[in-house]
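# Notes for the structure review
Spelled out, the chains give:
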Amino acid sequence: MTPRTRGRLWSAVSATLLALLVSVPLSASATAATPSFPDVPKSHQFYSQITWLAGEGITTGYADGTFRPKESVSRGAFSAFLYRMAGSPKISSMPSSSPFSDVKTTDQFYKEIVWVSKKQITTGYADGSFRPYESISREAIAAFLYRYEGWPSVTVPGYSPFSDVPTTSQFFKEIIWLYTAGITTGYSNGSFAPQGDTAREAIAAFLYRLDGHPLDNPPIEVPSTFTVSGAGYGHGVGMSQYGAYGMAKDGSSETQILQHYYTGTTVKTDDANMDIRVEVFGSGSDNRNSVNVVVRSPGSDSTDDGQWRMRFYNWKDGAAELSTTWTGKNNEDLMVTRDGTKVIVTRENGTKATATKDVSLQWEATSYYQSTSTEDPYVELLDREGGTSQANGQYRHGKLLISVPDSRSAYSRIIVANQLKLNTEYLYGIAEMPSSWGYNGGAEALQAQAIAARGYALNAVNSYSSTCNCNLYDDTRSQNFTGWRKENEGTNAYYGKEWVKAVDATNSSAGSKGKVLMYGSSIARTYYFSSSGGQTENSEDIWSSQPGYLKSVDDSWSLKSTNPNDSWTYTLTQAKARSVFGLSDVVSIKVTSRTAGGSDAAARIVTATSSSGKTATISGPESIRSNLVGGKSPWLWSFTAKY
């Protein structure tokens, strides 16, 4: 093995001083009077270790009586230290020629260097030299001591306790042994300085601990993981869905549920007779530059043929102009690709058409095409012909608009938006609450969810974005929308019908009006989430906004056994903890501040401590749940170290 060292070549004068540093061992009578050094007062950090080193006769210090604790030690001197610590054993056969090209048989430490060579504590350098006058590095110290101890067994972890010692380091195993054996703790900043020179005081400390004396501050074991215990799921603002379910089972109406979770609100009927656009493909995990579109019809082709038409629109003089119209029936794969700002569609027979504005796909039994049909056709978006679904849902109502985003940075993708009636068709596809709750005492919770979802959508009607050609997304950026999958859920739509019934129960005037939640004269922005740790949170504690109706309220219903997240555990790895907190290692984590409320409030500040005592924090409930528990929730109770 060829140790890597970094140091200076000592001069002849330094070599003379070196002889004084590690002079011959003292006799028994001499060691009885342990020398003291004027430059090592009792207040010195390593006073006990340096005194022990002198008392054992491993060194006597310099001729002027000093120890010079900050001076570095050479490779030759360290060989002498180890030889003397071993009891200055007799070497049975001294070689007539030196094992190293730069160590003469007449050199001061020839015998000691021969001994470390024979013991295989070192093999020197690849060029045959030993470099006795170079300062010995800290990583070389680790390697020498590891071999001096007989290559003891050591469990090598998958991470490093030191910020400057990668797991691929030549001496990683030896440094880990030095650390786990309690011989070093490294520096307070989390580093080890593997290639740095080794001071005389550090040598004294290393050998003192190697001799069996404990660290003044023993190394703290670093856990491999932390088990995080917590409760709830989601951001914590507004209505808790499991809380709503619990309230419904306890006999509360949809109005009572909503007014509990949205402070100071009222329920009223308002106009909801408008269309809304939902992006169903193109900007989330489904960001792609192609997609296959297929119209399906569940019955026999002879009776349910799922007829459709596709219209291609081009820009002309700043206005949309219809250029091409196709018609067809169910199960034909239509491959959609892009060419710059153009949309290209290819039929199964190879026919192609292009649109510079957008493509509108309409199918029978909708308000856009063959509205009197009694069929139930729907549309699927696939990754390829006969492939797997590329969207969150299936689409029964409205029409699909296929285009390329306006923003040039987004030209690499296709976007598909579903335009449909907000108050019925859109709400029928909202997949935010289990429809089965309606059969288990939760019908009022489903109605509360329908009202909340309606208000959320109405607030988005005037928020059109050209980058998605939509008002809303179909995922957690807005509301989860799966369309026909939700409405037709279960055998013969057993569960879907229960959700549709809840939506219809909050509608009036043939679906043109619906119940909404009002705060003053405005429709409340009805945020909601799955469940809490016992209380909801003030909006200002989670985000920056402070609407008066998004205040913390009791949510004890979330902690009932019907909620799968009434309590949970999550495994946080050491690597993730180090990354999040920016520490060299993490030995403990705790919640040091919570939001307004009692012990069931969300974590506001979480503090981690490293083995060196350094601390770091992460603040903000949203950041905490995202970084520490995979987005579950900010209601964290404890962090238990696992080794």
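Summary of the structure given here. Since the model is a prediction, treat every value here as computed from it, not as a measurement.

The rules behind the values
- All residue numbers here refer to positions counted from 1 along the written sequence of the relevant chain.
- Local features are withheld for residues below a pLDDT of 70 in this predicted model, meaning they are given only at 70 or higher, and side-chain atom pairs are given and counted only at 80 or more; totals for whole chains, interfaces and linings count all residues.
- In computing side-chain properties, one takes all heavy atoms of the structure into account and sets aside hydrogens as well as water.
- Each helix is a run of H or I in the DSSP string that is no shorter than four residues. Each strand is a run of E no shorter than two, and both are numbered from the N terminus.
- Put simply, the radius of gyration uses C-alpha atoms, and a globule should come to 2.2 Å times the residue count raised to 0.38.
- To sort residues, take the accessible area from a 1.4 Å probe on protein chains only and compare it with the maximum for the residue type: under 20% means buried, over 50% means exposed, and anything in between is partly exposed.
- In this analysis, two residues are considered to be in contact whenever any of their non-hydrogen atoms come within 4.5 Å of each other.
- Per-residue and other accessible areas follow the Shrake-Rupley method at a 1.4 Å probe size, with only the shown protein chains counted as cover for residues.
- For the purpose of counting charges, residues Lys and Arg are taken to be positive, whereas Asp and Glu are taken to be negative. His and the chain ends are not included.
- Here the site of a charge means atom NZ of a Lys, CZ of an Arg, CG of an Asp or CD of a Glu.
- Convention adopted: a line fitted to C-alpha atoms gives each axis, helices being fitted over their contacting stretch, and angles between N-to-C directions are expressed from 0 to 180 degrees.
- Small angles under 35 degrees read as roughly parallel and large ones over 145 as roughly antiparallel, with 65 to 115 read as roughly perpendicular and the rest as oblique.
- If you view the pair so one helix is near and one far, a crossing is left-handed when the near helix is turned anticlockwise from the far one by less than a right angle, and right-handed when it is turned clockwise.
- Gly is placed with the polar residues, together with every amino acid not listed as nonpolar (Ala, Val, Leu, Ile, Met, Phe, Trp, Tyr, Cys and Pro) or charged (Asp, Glu, Lys and Arg).
- When two rings of Phe, Tyr or Trp (its six-membered ring) have centres within 6.5 Å they constitute a pair, described as stacked for plane angles under 30 degrees, edge-to-face for angles over 60, and tilted for the intermediate range.
- Paired strands are those between which DSSP finds at least two bridges.

## Side note on the overall build of the protein
Helix and strand counts for the protein stand at 17 helices and 24 strands. Computed over C-alpha atoms, the radius of gyration of the protein comes to 37 Å, more than 25% over the 26 Å expected from 2.2 N^0.38 for 643 residues, which places it beyond the range of a compact globule. Within the protein, the proportion of its 643 residues that are buried is 52%. Taking the contacts inside the protein whose residues are at least 6 apart along the sequence as the reference set, 72% of them involve residues at least 24 apart. When the accessible surface of the protein is totalled, it reaches about 26800 Å², and 46% of it is carbon and sulfur. Taken together, the 59 basic and 60 acidic charged side chains of the protein have centroids lying 6 Å from each other.

## Things to note about the packing of helix 6 (residues 138-148) against helix 8 (residues 200-210)
The contact between helix 6 and helix 8 brings their axes to 12 Å, and the two run at 25°. The orientation of helix 6 with respect to helix 8, classified from their angle, is roughly parallel. Helix 8 is crossed by helix 6, and the crossing has right-handed handedness. Counting all contacts with helix 6, which are made through Arg138, Ile141, Leu145 and Tyr148, the residues of helix 8 involved are Ile203, Phe206, Leu207 and Leu210. Grouping the amino acids of the contact of helix 6 with helix 8 by side-chain chemistry returns 7 nonpolar, no polar and 1 charged.

## Section: the packing of aromatic side chains
Per the counting criterion, the structure on display carries 21 aromatic pairs. Measuring from centroid to centroid gives 6.2 Å for Tyr395 and Phe481, while their planes differ by 20°, and the two rings are stacked. Here Phe481 lies in the loop between strand 15 (472-473) and helix 13 (484-487) and Tyr395 lies in the loop between strand 12 (378-382) and strand 13 (399-403), a separation of 86 residues in the sequence. Phe481 carries the same exposure label as Tyr395, and that label is buried. On the numbers, 5.0 Å between centres and 80° between planes, the contact of Tyr494 with Tyr495 is edge-to-face. Judged by its relative accessible area of 41%, Tyr494 is partly exposed.

## Concerning the environment of Ser88
Here Ser88 shows up in the loop between helix 4 (75-85) and helix 5 (110-118). Take Ser88: its relative accessible area is 29%, and that puts it in the partly exposed class. Along the primary structure Ser88 and Lys560 are separated by 472 residues, whereas in three dimensions their C-alpha atoms are 72 Å apart.

## Description of the sheet that holds strand 22 (residues 603-609)
Spatially, 21-22-23 is the arrangement adopted by the 3 strands of the open sheet, whose pairing is antiparallel. The open sheet has two edge strands, strand 21 (588-594) and strand 23 (615-619), and neither has a second partner. The average angle at which neighbouring strand axes cross in this sheet is 25°, direction not considered. Here 5 bridges tie strand 22 to strand 23, and the two strands are oriented antiparallel to one another. Bridged to Ala608 within strand 23 is Ala616. Where helix 16 (residues 574-581) meets the sheet, its contacts fall on strand 21, strand 22 and strand 23, and the angle it forms with strand 23 comes to roughly 80°.

## A word on the sheet that holds strand 12
Ordered by their spatial adjacency, 5 strands build an open sheet running 10-9-8-5-12, and the pairing between neighbours is antiparallel. Across the chains shown, the open sheet's two edge strands, defined by having one partner strand only, are strand 10 (352-355) and strand 12. The average undirected angle you get between the axes of adjacent strands in this sheet is 25°. With 4 bridges connecting them, strand 5 (residues 290-296) and strand 8 (residues 334-339) associate as antiparallel partners.

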